[in-house]
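Structural overview for review
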Amino acid sequence: MTTTTETPTVTASPKREGGRFSKWPVYLSVWIIVTLWIIPALGLFINSLRDPGLVRESGWWTIFGSILDPATWTLENYRVVLQEGFGNAFANTLAVTIPAVVIPITIAAFAAYAFSWMTFPGRNLLFVIVVGLMVVPLQMALIPILRIYTTFDVTGTFPAVWLAHAGFGLPLAIYLLRNYMGSLPASIIESAKIDGASHWAIFVRLIIPLSVPVLASFAIFQFLWVWNDYLVALVFLGIDPSVRVLTVELADLAGRGEGAFSLLPAAAFVTMILPLVVFFSLQRFFVRGLTAGSVKG
Amino acid sequence: MTTPLLPDQESDVPERGPEFEQPQDNSFVVWVLRILSALVVPLVLIVFFFSFQFLKDDDVNKIVQVTVAVIVGVIGVWALYWGMDRLVNLLPERPASGVRPFVFVGPALVFLSFYLVYPAINTTILAFRDRNGEGFVGFDNFVTLFTESQYLTGIRNSVVWVLVVPAVAVVFGLGFATLADKMGKRAESISKSLIFLPMAISFVGASVVWLFVYGFRPEGFGNQIGLLNGIMVGLGQDPVNWLQQQPWNNFMLMVILVWLQVGFSMVILSSAIKGVPDVLLEAARIDGANEWQVFRKVTFPTISSTVVVVWTTVLITTWKVFDIVWVMTGGRDGTQVVAQQMVQEFFTNLNDGLGAALAVVLFIAVIPILVINVRRFQAQEAQR
């Protein structure tokens, strides 16, 4: 692979072929598609910054007549929305999300180590079951868990949601971490063993530091999953205003009909802001996490 | 560099993995210890979380609650695992090596059993019981699902969703990835980010975005604030109540999911396209193939397995779609789907039996994909 540079090739990449000039149809069609793609979100964003009266009165596209008029723009919607429950819901969502990301990662890391580097009876069968569980629809778990939670009167508490998200996230977490840990070179683990290191020491000092990329990928995936989740939060946490999360709050506002239309755009952006920040700042890891976790059930 | 390869019989059997461990003790006592060691971490977590009143108390500062949860969830859990590992060290060596793996893997297995395996079995049983989950009703719930028109419509709609959405998402994703691949690096990355952006937002948020596209006001009730009706009025047409046009309203809802999923399909397929060796593409071009032929005869066959993976992934997401229908129409006007009816039945109508039956329908339909996934995994393992 290193000796093919004798003849410097002019047309190194097929990408360059034809040059930029003949590519204008490609550029044009791509930018048209992209524009169409972001118009719905862009319209919502414009509406979120418009005077509430105007939002109810006319479509967002009418701003182009008064785009420089300061009376068009306001942050009032965001202020009202944050006071009317969305500030509280934002805190609730954080309260749900952080433990619901942290707990499954720890449990899955230990399990993934055992699946990759320890022998125990049933190891392969159990892992195949984990692979199968990834596809099981969440809906299969809702009714029995809700019944148990109701019996013990823990429905509507944060721990109930943390542990449920931890349980539902585990198959994917174990699968991802095990695939990664299992592909680490056996030689380093064996030499650590020969030096007398215990499983605990190997796990904590060798495997965990080496697995940081996959731990980060899963953390991002689980963060987005839990933050954007509506179903689990609706069923196990419920619609009580003191505990409900952003998605539940937003769905409730959307269900109030036209009267709430002026607040909906700002409210929607409050729910989106953190995932969008994650998206723009950690895009590479984000893609990796998302693609790795795309089969979750 | 010129070292001749020596025939080496032994190297055919690579010695990797934990084979160097001692033969294990599988006696009854060891099994009891294994089960106990698996249960400790989950039980302590559950008891801790649910017995402390202040974690349930809404008046307590959430920051305090979350801080406690994170401390327990990280430091506490690590300490528990560490303590269990120490305890196992007290055992003689042979039983210890038999029990230790279960200290590591056991808590995860207990969680999986409690949150997925047990509920799946229990839901299957509930599907044959009445609305309170008590009396046995045989196949009544399933008969209801497959005879009453509202559920048949739900099943029909769900089938149309999984036929349409994955196909459109893959075709759009593939088309866009192919086009963007021909652009300059910077333009490609920016345009892909923008197409991918909807992946970051919730289904509920996306539904709100599209409420302002499909919005409708009857004439005399003010200007149209929905984009589509704004265009209709601009073209001199009457506004349309898009979400009530049966059966087209279903496709209006599908557009939302396509909008969300194309980014995913595009990103995965794009990386697959970039993995197609340049040599193959060049060879085809030199042989006189045009770009369409290159795509059809070289690129597509090379990435076909990725296409299948993307297709099934979007298919599973589509099959379980709930939030979009729930928020946009609530399943009215002939837009119901199975996953949304499932929540509707057990959560709103409090009919556990029928809800469970709908969940079972959802599950049975994905069993083929489950089997394919397991097979693919086993094939991968065989190659390792």
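Conventions and cut-offs
Residues numbered from 1 in each chain as written. Chains lettered and ligands numbered in written order. Predicted model: local features only at pLDDT ≥ 70, side-chain atom pairs only at ≥ 80, totals over all residues. Heavy atoms only, no water. Contact = heavy atoms within 4.5 Å. Buried area = accessible area lost by both parts, 1.4 Å probe. Salt bridge = Lys/Arg side-chain N within 4 Å of Asp/Glu carboxyl O. Polar contact = N/O pair within 3.5 Å; in protein donor to acceptor, adjacent residues only side chain to side chain. Helix = DSSP H or I, 4+ residues; strand = E, 2+ residues; numbered from the N terminus. Buried < 20%, exposed > 50% of the residue type's maximum accessible area, 1.4 Å probe, protein only. Axes fitted to C-alpha atoms, helices over the stretch in contact; angles between N-to-C directions. Parallel < 35°, antiparallel > 145°, perpendicular 65-115°, else oblique. Nonpolar A, V, L, I, M, F, W, Y, C, P; charged D, E, K, R; others polar.

1. Comments concerning the interface of chain A and chain B
Chain A puts 125 residues into the contact, and the matching count from chain B is 129 residues. For the pair chain A and chain B, the summed buried surface comes to about 11200 Å²; carbon and sulfur atoms form 77% of the total. For chain A, the biggest contributors to the area lost against chain B are A:Trp37, A:Met140 and A:Trp200; these three give 8% of the whole. In this assembly, chain A and chain B are joined by one salt bridge. Taken together, the links from chain A to chain B amount to 14 residue pairs in polar contact (both at pLDDT 80 or more). With 16 residues, helix 3 (residues 76-117) of chain A is the single largest residue contributor to the side of chain A that touches chain B.

2. Examining the environment of B:Val325
Residues and elements named next belong to chain B. Checked against the element boundaries, Val325 lands in helix 13 (residues 323-328). In this structure Val325 comes out as buried when scored by relative accessible area, which is 0%. Placed 14 residues apart in sequence, Val325 and Ala339 show a C-alpha to C-alpha distance of 9.4 Å. Contacts of Val325, omitting those with residues within four sequence positions, involve Trp161, Leu253, Gly330, Gly331, Thr335, Val337 and Gln340.

3. Concerning the packing of helix 3 of chain A against helix 8 (residues 199-210) of chain A
All names here are of chain A. Taken N-terminus to C-terminus, the directions of helix 3 and helix 8 make an angle of 105 degrees; their axes are 11 Å apart at the nearest point. Between helix 3 and helix 8, the crossing angle belongs to the class labelled roughly perpendicular. Of the residues in helix 8, those in contact with Ala109, Phe110, Tyr113 and Trp117 of helix 3 are His199, Trp200, Ile202, Phe203, Ile207 and Ile208. In terms of residue class, the contact of helix 3 with helix 8 is built from nine nonpolar, one polar and no charged.

Take it as geometry only, folks, not as evidence of what the structure does.
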